[in-house]
Amino acid sequence: MTFRGIAPTGRPLIIPVFITHRGCTHRCAFCDQEAIAGAGSLPDALPGIVEKYLGWSSGDRPVELSFYGGSFTALPVRELSEYLQMGKELIAQKLVGSLRCSTRPDTINPGMAKLLKSSGFSVVELGAQTMSDRLLTEMERGHTADDTRQAVKELKAAGLTVVLQFMSGYPDETATDVATTCRALIAARPDAIRIYPFMPLAGTKISQRLQCNEVRFDPVVAIDRAADIFLAAQEAGIPTIRIGLPKDGIVVSPYPDNLAQVVVAEALVKLVKKGERDFELPSAWETSVAIARKSGRFPEEAKVVFL
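Thresholds applied
Residues numbered from 1 in each chain as written. Predicted model: local features only at pLDDT ≥ 70, side-chain atom pairs only at ≥ 80, totals over all residues. Heavy atoms only, no water. Axes fitted to C-alpha atoms, helices over the stretch in contact; angles between N-to-C directions. Helix = DSSP H or I, 4+ residues; strand = E, 2+ residues; numbered from the N terminus. Parallel < 35°, antiparallel > 145°, perpendicular 65-115°, else oblique. Left-handed = near helix turned anticlockwise from the far one by under 90°. Contact = heavy atoms within 4.5 Å. Expected span 1.5 Å × (residues − 1). Buried < 20%, exposed > 50% of the residue type's maximum accessible area, 1.4 Å probe, protein only. Polar contact = N/O pair within 3.5 Å; in protein donor to acceptor, adjacent residues only side chain to side chain. Arc of directions from axis to C-beta. Core = buried A, V, L, I, M, F, W, Y, C linked by side-chain atoms within 4.5 Å. Phe/Tyr/Trp six-rings, centres within 6.5 Å; stacked < 30°, edge-to-face > 60°. Salt bridge = Lys/Arg side-chain N within 4 Å of Asp/Glu carboxyl O.

### What about the packing of helix α2 (residues 46-56) against helix α3 (residues 77-92)?
If you want to describe how two helices pack, look at the angle between their axes and the distance between the axes.
Phase 1 of the analysis: As a packed pair, α2 and α3 sit with axes 10 Å apart at the nearest point and diverge in direction by 40 degrees. Considering the angle they form, α2 stands oblique to α3. For the crossing formed where α2 meets α3, the hand is right-handed. Taken together, the residues of α3 that come into contact with α2 (itself represented by Leu46, Pro47 and Val50) are Tyr83, Met86 and Leu90.

### Thoughts on helix α9 (residues 219-235)
Phase 1 of the analysis: Helix length check: α9 (17 residues) gives 24 Å between terminal C-alpha atoms against 24 Å at 1.5 Å per residue, within 8%.
Phase 2 of the analysis: Along α9, the residues that are buried comprise Ala222, Ile223, Arg225, Ala226, Ala227, Ile229, Phe230, Leu231, Ala232, Ala233 and Gln234.
Phase 3 of the analysis: Buried residues belonging to α9 abut β1 (2-4), β6 (161-168), α7 (175-188), β7 (192-197), β8 (240-243) and α10 (259-273).
Phase 4 of the analysis: Its side-chain oxygen placed 2.9 Å from the backbone nitrogen of Val220, Asp218 serves as the N-cap of α9.
Phase 5 of the analysis: Phi turns positive one or two residues past the end of α9, at Gly237, with a value near 80 degrees.

### Some points on helix α4 (residues 110-118)
Phase 1 of the analysis: Looking at α4, one finds that the buried residues are Met112, Ala113 and Leu116. Buried residues in α4, looked at end-on, bunch into an arc of 100 degrees, giving them a common side. Turned more than 90 degrees off the buried face of α4, the exposed positions are Lys114 and Ser118.
Phase 2 of the analysis: As for α4, its buried residues are in contact with α3, β5 (121-129) and α6 (145-157).
Phase 3 of the analysis: Where α4 starts, the residue carrying a side-chain oxygen 3.1 Å from the main-chain nitrogen of Gly111 turns out to be Asn109.
Phase 4 of the analysis: Of the residues trailing α4, Gly120 is marked for its positive phi of about 100 degrees.

### Description of the nonpolar core
Phase 1 of the analysis: Core analysis: the biggest nonpolar cluster contains 90 residues, and Leu65, Phe67 and Phe72 have the highest contact counts within it.
Phase 2 of the analysis: A per-element tally of this core places α10 first, with ten residues.
Phase 3 of the analysis: Not counting residues within four places of it along the chain, the set of residues in contact with Phe72 comprises Ile19, Phe67, Leu80, Tyr83, Leu84, Cys101, Ser102, Thr103, Leu116 and Phe121.

### A look at the packing of aromatic side chains
Phase 1 of the analysis: Taken as a whole and assessed by the stated rule, the structure comprises 13 aromatic pairs.
Phase 2 of the analysis: Plain terms: the ring middles of Phe67 and Tyr83 are 5.4 Å apart, the flat faces sit at 70 degrees to each other, and that makes the pair edge-to-face. With Phe67 in strand β3 (residues 63-68) and Tyr83 in helix α3, the pair connects residues that are 16 residues apart, well separated along the chain.
Phase 3 of the analysis: Measuring from ring centre to ring centre gives 6.3 Å for Phe67 and Phe121, while their planes differ by 35 degrees; the resulting arrangement is tilted. With Phe67 in strand β3 and Phe121 in strand β5, the pair connects residues that are 54 residues apart, well separated along the chain. Assigned by exposure class, Phe67 and Phe121 land together as buried.
Phase 4 of the analysis: Taken together, Phe67, Phe72, Tyr83 and Phe121 form an aromatic cluster joined through their ring pairs.

### Section: the pattern of salt bridges
Phase 1 of the analysis: A full pass over the atoms with the stated rule returns 19 salt bridges.
Phase 2 of the analysis: Here Glu214 ties to Arg209 by a salt bridge, and the two come within 3.3 Å at their closest N and O atoms.
Phase 3 of the analysis: Under the relative-accessibility criterion, Glu214 is labelled exposed at 53%.
Phase 4 of the analysis: Lys274 is the partner of Glu235 in a salt bridge, and the nearest nitrogen-oxygen pair spans 3.8 Å. Linking Glu235 in helix α9 with Lys274 in the loop between α10 and β9 (278-281), this pair joins segments that are 39 residues apart in sequence.
Phase 5 of the analysis: Residue Lys274 is classed as exposed on the basis of its relative accessible area of 60%.

Spelled out as structure tokens, the structure:
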């Protein structure tokens, strides 16, 4: 049997607007968006942000204005309306083609899904993190795996593209938690996923527990489990659009700079261990194959065709 790798296609130019922590009904044990993205931007800053990004970019890719770093659909009504209105104006001016946001699964209902669709949104990303209810409790997420399942259904029913965001390697995570996530991911059938291996951010509740040696964190395990999630998505025909957080604002990272390539390499090694020897892979994965071969765990006789 030949393993056929799936890479994202037709990537848009994503212009990020960070609404740092706004709309969040919980402060998760692992989260510090200010460390990752700064203080965030208010609605009146959107035209300037779009102009700046368009000045940097060339080409004819579709442009998506994207709201990240908070829970967009849980913003106070007035603030949400201001962002929606500004987004509609930018679409009307043909400066952006559509809108995108990241939010909590438990803030999605049929009415909200329809509002997003009618306001020019094409993609909604849900911070699932895990599909293990036990681990969601440890993370202090404040929602359940069923909330994620239901949100995916409602967003798809409204005609929106759904991306699920997962975390791997959380200090309280077990192999059983990861297996639960992999099964549920396949059943939910999102249009794409992101994988964020756990990042210990100073000042968060979980970093304090790590400092007190209450829990342990192993970046090697986080990479290995990210590869499990990546493979589950691949085998279900679901592309992974990003692996790892942006490095801006993160002083020290426990991961290599080429984290995504390393995770894909680990996934290929896992396939070899299962007996796979024939691969048809996206050309973007050439470096990952080289990493896997260099490790000595990907046999030279394995047949690899790059597409």
